[in-house]
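A structural walkthrough
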There are 2 protein chains.
Amino acid sequence: MDKNDFRDFLKQLTEDRVHGASELSRQCLQIAADSALHGPARDPASLLSLLEERGLQMAAQRPSVAPLVNLLARWRLQVSELKDMALDDARWQAAQLAIDLMQLSRNAVRDVAAHARELVGEQKTVLTHSASSTVLEVFHQLKESGVRAIVTESRPLQLGHRMLAKLSEWAIPTTLITEAQMGLFVRQADCVLVGADSLMPDGTVINNAGTYLLALAAHDQGVPFYVCCESFKRRGPDMGQPVLDEGGGAILGAPDLPHVTAANVCFDLTPAWLVTAWITEQGTPPGRHELHLD
Amino acid sequence: MDKNDFRDFLKQLTEDRVHGASELSRQCLQIAADSALHGPARDPASLLSLLEERGLQMAAQRPSVAPLVNLLARWRLQVSELKDMALDDARWQAAQLAIDLMQLSRNAVRDVAAHARELVGEQKTVLTHSASSTVLEVFHQLKESGVRAIVTESRPLQLGHRMLAKLSEWAIPTTLITEAQMGLFVRQADCVLVGADSLMPDGTVINNAGTYLLALAAHDQGVPFYVCCESFKRRGPDMGQPVLDEGGGAILGAPDLPHVTAANVCFDLTPAWLVTAWITEQGTPPGRHELHLD
């Protein structure tokens, strides 16, 4: 991957509001592996310098996407230890490390999904918001269990539509609703299951805007609110306060009028007290407050 | 207005999900006045019978829109007392009664708006959901006061767009948001101000879907949640539980897939404990629980 292709990827990464945090992280690791194998370098030192730089650049595009930052940081640390290798060995090894981390991420999602499936149980109705690849995997694992889905549109990108094709293919009875109807439909659900872009050290969930409203409604109606969040999604205390990305209001399609602007903040914060359980690779921590103590 | 025109109006009334409760009520009273003046009748008895029937038919189209039901019931009662008049006098009088009720409704909206204006105060940011003609009137009265507006899209009909042209014309700085962002923007507001389709005897607010979520967020963030509701919007205890109309899911534009359906329930219920104050023609009842005791 040469300089221009990498620059194009960074631009695409910055603007991508469609893919979830886990998927984006693996995309970056794929680019990391490709850079390791094919990036311009004369010797091991220049290769390691290039990979360090590209790892940092990718993380800098999406500082609020914790798994992307965390997995790339782990990869950079591992790559920095290859400095005594021959160039071709270092290339191969750095690529393999990135691929291993992709697999680690996939395994984490698979394990989270397996724990979520147990937690949801059979013959249940699950309401979800946004389009989490982990939640989709849970539906996949539950498709023979009589599960039913309630999926929000997730305006303005209609992310919910991304889920529908798969849910339909798996013959899961699915109801699509507007975000406005979340309060009406949450009472028809046995639980709410969402993914997360990142998790604050205190258990606050950063996820697509609207998640907080859904959590408030679930809490008010006594419906369990579960968050799928593999450990890579944890923000370190050093990451500070998250930046909630503004995706640009033009996509709302508002009429162009003086004094009127459209806002499109992509994420909101759901405080820990609204979360019934966080589902990690290890399952669900035994108590509500355990997560941020481990 | 002949039989066919009236039938067309009933159809339009049934399907109208754009106009608020006050506006719909006045449309019906306008049709009532027109029926009084031009409806087919040979004598006073057949006129009164026609008007009684048309009043009942209009109310039956939208039984959950309390002001429409209430104002038409009041008109039918008044009209029933005209039985000793000559035909032309009865026509004129019945029309005048409908026009007086339209004026009463307009005055009520004006008084509610004046009280709301006082409650909001100067230099404030007001968040609203759906498109209430009363809330629009409040913005109109506040336009010289430095008011700012945050308006939701109000999917799927984009009712929020109906507000934008006026707010822009009045040079009120306005931010359009998706419903999903209500939880993010409510903290930027000094208060939330919404209309109501109807009010239950216990103070529960029936309004466009999403209102309940907004009320939960306002409550969680300590932002006052005000409901504009002239007295005609009160449902009598004899009206029972409201029917929450289904507007048809096709408008969501979901892909046509097996096992997938789209839902479009137009209204939700906001319980009284989430309401800071109900604003009536008389102002705000002194305490939260006064409203349903008067």
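Residues numbered from 1 in each chain as written. Chains lettered and ligands numbered in written order. Predicted model: local features only at pLDDT ≥ 70, side-chain atom pairs only at ≥ 80, totals over all residues. Heavy atoms only, no water.

Turning our eyes to something else, we now look at the pattern of salt bridges. Under the definition given, this model contains 22 salt bridges over all chains. Across the salt bridge formed by Arg110 of chain A and Asp111 of chain A, the nearest N and O atoms sit 3.1 Å from each other. For Glu153 of chain A, the salt bridge is made with Arg155 of chain B, and the minimal N-O distance between the two is 2.3 Å. Linking Glu153 of chain A in the loop between β2 (148-152) and α7 (159-169) with Arg155 of chain B in the loop between β2 (148-152) and α7 (159-169), this pair reaches from one chain into another. The two residues Glu153 of chain A and Arg155 of chain B agree in class, both being buried. The structure contains a network of salt bridges with shared partners spanning Arg17, Arg62 and Asp245 of chain A. (Salt bridge = Lys/Arg side-chain N within 4 Å of Asp/Glu carboxyl O. Helix = DSSP H or I, 4+ residues; strand = E, 2+ residues; numbered from the N terminus. Buried < 20%, exposed > 50% of the residue type's maximum accessible area, 1.4 Å probe, protein only.)

It is worth spelling out the sheet that holds strand β10 (residues 277-279) of chain A at this point. Strand order in the open sheet formed by seven strands is β10(A)-β7(A)-β4(A)-β1(A)-β2(A)-β3(A)-β8(B), and the pairing between neighbours is parallel. In this open sheet, the two strands that pair with only one neighbour each are β10 of chain A together with β8 (260-262) of chain B. The mean angle between the axes of side-by-side strands here comes to 25°, regardless of whether they run parallel or antiparallel. With respect to the sheet, α7 of chain A is in contact with β1 (125-128), β2 and β3 (174-177) of chain A together with β8 of chain B, its orientation differing from that of β2 of chain A by roughly 160°. (Pairing = 2+ DSSP bridges. Axes fitted to C-alpha atoms, helices over the stretch in contact; angles between N-to-C directions. Contact = heavy atoms within 4.5 Å.)

A few words on the relation of the copies chain A and chain B. Relating the two copies of this chain is a rotation about some axis coupled with a shift parallel to it. By a simple turn and slide, chain A fits onto chain B: the slide is 0.0 Å along the axis, the RMSD is 0.1 Å, and the turn is 180°. The transformation just described matches what one would write down for a two-fold rotation axis. (Least-squares fit on C-alpha atoms with pLDDT ≥ 70 in both.)

Residue and element names in this part refer to chain A. When its domains are assigned, chain A resolves into domain 1 (3-108) and domain 2 (115-293). For domain 1 versus domain 2, the separation of C-alpha centres amounts to 28 Å. Listed by partner, the interface residues are 20 residues for domain 1 and 20 residues for domain 2. Of the roughly 1,700 Å² buried between domain 1 and domain 2 on both sides combined, carbon and sulfur atoms contribute 54%. Taken as a group, Arg17, Val18 and Ser64 account for 34% of the area that domain 1 buries against domain 2, more than any other trio of residues on that side. Our enumeration of links across domain 1 and domain 2 arrives at three salt bridges. (Domains from an automatic or database assignment. Buried area = accessible area lost by both parts, 1.4 Å probe.)

Moving on to the packing of helix α3 (residues 44-61) of chain A against helix α4 (residues 66-80) of chain A. Residues and elements named next belong to chain A. At a minimum axis distance of 9 Å, the contact between α3 and α4 shows a crossing angle of 170°. The orientation of α3 with respect to α4, classified from their angle, is roughly antiparallel. Contacts between α3 and α4 involve Leu48, Leu51, Glu52, Gly55, Leu56, Met58 and Ala59 from the former and Leu68, Val69, Leu72, Trp75, Arg76, Val79 and Ser80 from the latter. For the contact of α3 with α4, the per-class residue count stands at 10 nonpolar, two polar and two charged. (Parallel < 35°, antiparallel > 145°, perpendicular 65-115°, else oblique. Nonpolar A, V, L, I, M, F, W, Y, C, P; charged D, E, K, R; others polar.)

What follows concerns helix α2 (residues 21-38) of chain B. In this model α2 of chain B runs 26 Å from its N-terminal to its C-terminal C-alpha over 18 residues, within 8% of the 26 Å that 1.5 Å per residue would give. Extensive coverage of α2 of chain B is indicated by the burial of 13 of its 18 residues. (Expected span 1.5 Å × (residues − 1).)

Now for the interface of chain A and chain B. Each side of the interface is counted separately: chain A has 48 residues, and chain B has 48 residues. For the pair chain A and chain B, the summed buried surface comes to about 3,700 Å²; carbon and sulfur atoms form 64% of the total. Three residues stand out in chain A for area buried against chain B, namely Ala180, Leu213 and His259 of chain A, and they jointly supply 16% of the buried area on that side. Counting the contacts that link chain A with chain B gives 24 residue pairs in polar contact (both at pLDDT 80 or more). The residue inventory of the side of chain A that touches chain B, partitioned by class, reads 29 nonpolar, 14 polar and five charged. Bridge analysis of β3 of chain A against β8 of chain B gives three bridges, and the strand direction is parallel. Residue pairing for β8 of chain B: Thr174 of chain A is matched across the bridge by Val260 of chain B. (Polar contact = N/O pair within 3.5 Å; in protein donor to acceptor, adjacent residues only side chain to side chain.)

Residue and element names in this part refer to chain A. Neither face of β1 is open: one carries Thr125 and Leu127, the other Val126 and Thr128, and all of them are buried. Summarising the sheet, β1 and β2 pair through four bridges and their orientation is parallel. Residue pairing for β2: Thr125 is matched across the bridge by Arg148. In this fold, the crossover linking β1 to β2 by way of helix α6 (residues 133-142) has right-handed handedness. (Right-handed = clockwise from strand over helix to strand, strands pointing away.)

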